[in-house]
Amino acid sequence: CAAEVPYRLLRGAGADAVSVDAHLVSDHQLDELGEFVDAGGSVWLGVLPGADAPISLADARRTVRDIWGKLGFGPRLLAERVVVTPSCGLAGASRSYLREALAVLRDTAKALAEESL
């Protein structure tokens with residue numbers, strides 16, 4: 001949930017995955033994030049708000065595609081290395097939002113995997 005994720009530090013410490021809020025990934029961090037992925041790391045990409053808010057499958061897919069497109073990796077690797085998640089957990093979400101968010105995340109992952117074939 002931080003704007004400045006220390007990707008190189010995490011990779012150097014042996015992390016094989018990082019969880020980041022997609023909306024906080026800035027363009028100047030893309031090289032470090034790309035290096036992390038290139039070194040075999042996975043990204044748990046927070047694409048949905050963690051509390052009740054309007055959400056859509058189209059917005060979630062677009063968020064993932066935008067970041068992945070900027071990184072320059074192909075769609076097949078996206079399906080292998082990206083897990084879509086809420087941005088910062090769902091502790092503050094209502095039960096109905098929780099159900100909707102999990103359904104959108106499931107459908108987003110499914111759609112992105114199908115696109116990579």
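Since the model is a prediction, treat every value here as computed from it, not as a measurement.

Here is what the cut-offs are and how they apply
Residues numbered from 1 in each chain as written. Predicted model: local features only at pLDDT ≥ 70, side-chain atom pairs only at ≥ 80, totals over all residues. Heavy atoms only, no water. Helix = DSSP H or I, 4+ residues; strand = E, 2+ residues; numbered from the N terminus. Rg over C-alpha atoms; globule rule 2.2 N^0.38 Å. Buried < 20%, exposed > 50% of the residue type's maximum accessible area, 1.4 Å probe, protein only. Expected span 1.5 Å × (residues − 1). Arc of directions from axis to C-beta. Contact = heavy atoms within 4.5 Å.

What should I look at first to understand the overall build of the protein in this one?
Secondary structure assignment for the protein yields five helices and three strands. Tracing the protein from N to C terminus, the helices and strands come up as α-β-α-β-α-α-β-α. Against the 2.2 N^0.38 benchmark of 13 Å for 117 residues, the protein shows a C-alpha radius of gyration of 14 Å, consistent with a compact globule. A buried classification covers 39% of the 117 residues belonging to the protein.

Would you mind showing me how to read helix α3 (residues 57-71) here?
In this model, α3 (15 residues) spans 21 Å end to end at C-alpha, consistent with the 21 Å of a helix rising 1.5 Å per residue. Every buried residue of α3 is listed here: Ala60, Thr63, Val64, Ile67, Trp68 and Leu71. For α3, the angular spread of buried residues about the axis comes to 115°, placing them on one side. Facing away from the buried side of α3, by more than 90 degrees, are the exposed residues Gly69 and Lys70. At its buried positions, α3 is contacted by α2 (30-38), β2 (42-48), α4 (75-81), β3 (82-86) and α5 (95-115). One or two positions beyond α3, positive phi appears at Gly72, with a value near 85°.

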